[in-house]
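Given next are the chains, with one letter for each unit.
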Amino acid sequence: MNKGSLRFGPISPAASGPLYEQIVAAVKREVAAGRVDPSEPLPSIRTLAADLLVSVITVKRAYEELERNGVIFKRQGLGAFLAPAGVQRLREENARAARAGLKAAIEAGRKAGLGDAEILDLFQHELSEKTT
């Protein structure tokens, strides 16, 4: 993995949640978005700790959590890598969440008196908007 290719949001004591959970969420987000090369190792614990200005123990705990969740696996002397099954599971979870959100939006549109064509127009408009 190229240095700096993971896009971590604010990893900070001021942000909500423990630091290790923020790291876990950031890695999962990047993996699910396909922004992590599965053939490349994740940053070493020491490197990531230095980059994020957190303790080595915090990153170690995050990596252990990711390994328990099946998102990554470690190879002694080689580093941590993405687990293919974990990547697929994260994408499936995100797809289910997106589908649930779409169903809720359709229901809200219908409760508001919109027809299917109007709801579809709204979706198409939102899809055409540039969002990050």
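Just above sits the structure.
Residues numbered from 1 in each chain as written. Predicted model: local features only at pLDDT ≥ 70, side-chain atom pairs only at ≥ 80, totals over all residues. Heavy atoms only, no water.

## Some remarks on the packing of helix 1 (residues 19–32) against helix 4 (residues 84–111)
Where helix 1 meets helix 4, the closest approach of the two axes is 9 Å, and the angle between their N-to-C directions is 85°. When the axis of helix 1 is compared with that of helix 4, the two are roughly perpendicular. The residues of helix 4 that touch helix 1, namely those facing Lys 28, Val 31 and Ala 32, are Val 87, Leu 90, Arg 91 and Asn 94. In terms of residue class, the contact of helix 1 with helix 4 is made up of four nonpolar, one polar and two charged. (Axes fitted to C-alpha atoms, helices over the stretch in contact; angles between N-to-C directions. Helix = DSSP H or I, 4+ residues; strand = E, 2+ residues; numbered from the N terminus. Parallel < 35°, antiparallel > 145°, perpendicular 65-115°, else oblique. Contact = heavy atoms within 4.5 Å. Nonpolar A, V, L, I, M, F, W, Y, C, P; charged D, E, K, R; others polar.)

## Observations concerning the pairing of strand 1 (residues 72–75)
When strand 1 meets strand 2 (residues 79–82), the two strands line up antiparallel, connected through four bridges. Paired with Arg 75 across the strands is Gly 79, a residue of strand 2. Between strand 1 and the antiparallel strand that follows it, strand 2, lie three residues; Gly 77 among them carries a positive phi value of about 85°. (Pairing = 2+ DSSP bridges.)

## Things to note about the nonpolar core
One recurring pattern in soluble globular proteins: nonpolar side chains tend to sit buried together. Ranked by internal contacts, the top residues of the largest apolar core, which has 23 residues, are Ile 23, Tyr 63 and Ile 72. Going through the elements one at a time, helix 1, helix 2 (45–52), helix 3 (56–68), strand 2 and helix 4 are the ones with two or more residues in this core. For this core, the element with the highest residue contribution is helix 1, accounting for six residues. Each residue touching Ile 72, except ones within four places of it in the same chain, is listed here: Leu 42, Tyr 63, Leu 66, Glu 67, Ala 80, Phe 81, Leu 82 and Ala 83. (Core = buried A, V, L, I, M, F, W, Y, C linked by side-chain atoms within 4.5 Å. Buried < 20%, exposed > 50% of the residue type's maximum accessible area, 1.4 Å probe, protein only.)

## Regarding the pattern of salt bridges
Tallied over the full model, the rule gives eight salt bridges. A salt bridge links Lys 111 to Glu 107, with the nearest nitrogen and oxygen atoms 3.2 Å apart. Here Lys 111 pairs with Glu 107, and both are found in helix 4, just four residues apart, close to one helical turn. Among the residues examined, Lys 111 registers a relative accessible area of 70% and is labelled exposed. Since its relative accessible area comes to 44%, Glu 107 is described here as partly exposed. Linked through salt bridges whose partners overlap, the residues forming this network are Arg 29, Glu 30 and Arg 35. (Salt bridge = Lys/Arg side-chain N within 4 Å of Asp/Glu carboxyl O.)

## What to know about the packing of aromatic side chains
Inspection of every chain in the model, using the stated rule, returns one aromatic pair. Note on Phe 73 and Phe 81: the rings are 5.8 Å apart at their centroids and 25° apart in plane angle, and the pair reads as stacked. Look at Phe 81 and you get buried, because its relative accessible area is 15%. The ring centre of Tyr 20 lies 3.9 Å from the NZ or CZ of Arg 61, which sits over that ring. (Phe/Tyr/Trp six-rings, centres within 6.5 Å; stacked < 30°, edge-to-face > 60°. Lys NZ or Arg CZ within 6 Å of the ring centre and 35° of its normal.)

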